[in-house]
Amino acid sequence: MQENSINWQVKKRKFIESCNTVLTFLASFIVIMAALETALPAFVFKETGFEFYDVRYFWSHVCIAFLLTYLIALIRYFLKRQKELEYLSSRDNLTALLNRNAFDDEVNAYLKRHPDAQGAFIMMDIDDFKGINDRHGHSIGDQVLVTLALNLESVLGHEAIICRNGGDEFCSFLPKDHLDRIKQLNLLDQVYTAKDEQYPFSISIGYAMYPQEALSESDALIKADRALYVVKQHDKNDCLSYQPWMDNAAKRKVKLTSRNMLANLPIAFLICTGQGDREIIFSNQNLLSLLGYASFGDLIKATGGKVMNLVYPTDRPLLEQKITADLATGQVQPFFCNLMTSDHEKKQFFCQSQLVKEPGYGQIFYVALSAMYSR
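This text gives an overview of the structure that appears in the document.

**Considering the overall build of the protein chain**
Along the protein chain, the regular secondary structure elements total 12 helices and 14 strands. For the protein chain, buried positions account for 38% of its 375 residues. In the protein chain, once contacts between residues fewer than 6 apart in sequence are set aside, the share between residues at least 24 apart is 56%. Here the protein chain has roughly 22800 Å² of accessible surface; of this, 56% comes from carbon and sulfur atoms.

Given below as C-alpha cells:
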C-alpha cells in the first residue's frame, strides 16, 4: 500500500513537471514572436485574414523565436540540474533525509539566525537492526530505514532538522517549543508494512539540551550519544536525557550486550523457538561445555539446529507433549529432561523455562538448565 502510494506520487509529479515544461516552452515562443513582430512586422491582421508584408520576415521570426526558446529551455534545464545536484549532494540516497554534512550546515545556519535558540540534539538508532537484516533480508532492512525516516519527519515536524548519520543511526535538532515530540516519538509503534506483512521494530533515543548541557553542536551530539549508549546498555526501546554521570558510563565502553552476558552466565542457558521445528536460537558456553561441544556451530551441526535432536530419544515424545501444552496454556512448569552429549551419552537436567513472544520469531522459550549429578 505504501509502495503504491509512493509510485503514484512520483508519476503524478513527473506528469506535472512535463506539462509545466511544455507550457513554458510555448509561452516563451509566443512572447518572443510577439516581440519580433512588434520590432519588425512581417504580417498584419485584416478582416480578410493575414496579409504578409514579406513572408521571409515571418519565417525568419519563427526560426529566431524557436532558437531563442530552445536556448531558454537549455538554460532552464541546466539550472534545474544544478539545483537537483545540489539537492542530491546534501541528501541521503536511501531515505532522502539530509546527510551529516548538510545537517551540520543547516544547524550552524539556524543557530546563526537564532543566536538565542534553545533545543535538543537527538541521537537515535534502530534496535537489533542487524537481526532485522539477517532474518528478513537487506531489502526489508532498507524499507525499515525509510519507514523510520518518514516517521521522524511526521512526528518531529518541519521545525526539526533531521539527518541520517549513517547505517541505522539518525540525529536531529529540535527547537525547545517542540520537545514534547521526543516523547511522542518514543511511544510510537514503529512498523513497516508490505503486502499484508508487518515488520515491527523499535528505536532507542538519547538527547542533550542546548545550550544548558552543551555550548556547541558537536558537544551536544557527543552527550546525546552518551545518553543513547546508556539506553542501549539497558533495555533499549527507550529514551533518556543526558546526565553528567553518563560520561563515566561512556568512557568504560564495556560491551555488556545481552548476548555476551548470557553467553557467560554461570548456569546453562538455551533459547529456542516454540513453533515449527523448535529451532535453537542460542546456547551459552556453560551448556556447550556440559554437553561436550567446542562451539555453538558444532552444536548446530550435530543437531541440525533443532532442539528435539538435542533431547535424548526416549524423552522426545513426552517433551513434545509438554511443549504443545505449554504453548496452548501459556503456563510453563519446571521439568526434568535428558539431553544427549556430543558422544551420544545421556545427561539429565532440571529445566526452568519462560515463554515469551518476540518480533520476528513468534513464541520462544528461554530455558535455564541445571545438570543433575548422581552421588
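Let's pick the thread back up.
**Regarding unusual backbone geometry**
The peptide bond linking tyrosine 210 to proline 211 adopts the cis configuration, its omega dihedral lying at 0 degrees. Along the chain, proline 211 turns up in the loop between β8 (203-210) and α7 (217-233). Phi is positive for lysine 195, close to 55 degrees, though the residue is something other than glycine. The residue histidine 344 is not glycine, and still its phi comes out positive at about 70 degrees. Looking at the secondary structure, you find histidine 344 in the loop between β12 (335-340) and β13 (346-358).

**Details of the sheet that holds strand β5 (residues 169-175)**
In spatial order, the strands read β4-β5-β3-β8-β9; together these 5 strands make up an open sheet with mixed pairing. Both edges of this open sheet fall to β4 (161-166) and β9 (239-241), since each of them pairs with a single strand only. Recorded for the sheet is a direction-independent mean angle of 20 degrees between the axes of neighbouring strands.

**What to know about the pattern of salt bridges**
Throughout the structure, instances matching the rule amount to 11 salt bridges. Put simply, lysine 223 and aspartate 219 hold a salt bridge, and the shortest N to O gap is 3.6 Å. Here aspartate 219 and lysine 223 lie together in helix α7, a separation of 4 residues that amounts to about one turn. According to the relative accessible area criterion, lysine 223 is buried, its value standing at 15%. With its nearest N and O atoms 2.5 Å apart, the salt bridge here joins aspartate 247 to arginine 226. With aspartate 247 in helix α8 (residues 246-252) and arginine 226 in helix α7, this residue pair connects regions lying 21 residues apart in the sequence. The buried category is assigned to aspartate 247, whose relative accessible area is 18%. What you see here is one network of salt bridges that share partners, running through Asp125, Asp127 and Lys232.

Rules used in this analysis
Sequence order as written defines residue numbering, which begins from 1 separately in each chain. For a predicted model such as this one, the threshold for reporting local features is a pLDDT of at least 70, and the threshold for listing and counting side-chain atom pairs is 80 or more; totals across whole chains, interfaces and linings nevertheless cover every residue. Side-chain numbers come from the whole structure's heavy atoms, not from hydrogens or water. Helix numbering and strand numbering both begin at the N terminus, where a helix is a DSSP run of H or I of at least 4 residues and a strand a DSSP run of E of at least 2. Residue burial is assigned from relative accessible area. The probe radius is 1.4 Å, only protein chains are included, and a residue is buried under 20% of its type maximum, exposed over 50%, and partly exposed in between. The contact criterion used is simple: two residues touch if any of their non-hydrogen atoms lie within 4.5 Å. The Shrake-Rupley method, run with a 1.4 Å probe, gives the accessible areas here. Residue values count only the displayed protein chains as cover. Paired strands, in this sense, are two strands between which DSSP finds at least two bridges. The angle between two axes is taken between their N-to-C directions and runs from 0 to 180 degrees, where each axis is a line fitted to C-alpha atoms and a helix contributes only its stretch in contact. Salt bridges are defined by distance alone: a side-chain nitrogen of Lys or Arg within 4 Å of a carboxyl oxygen of Asp or Glu.

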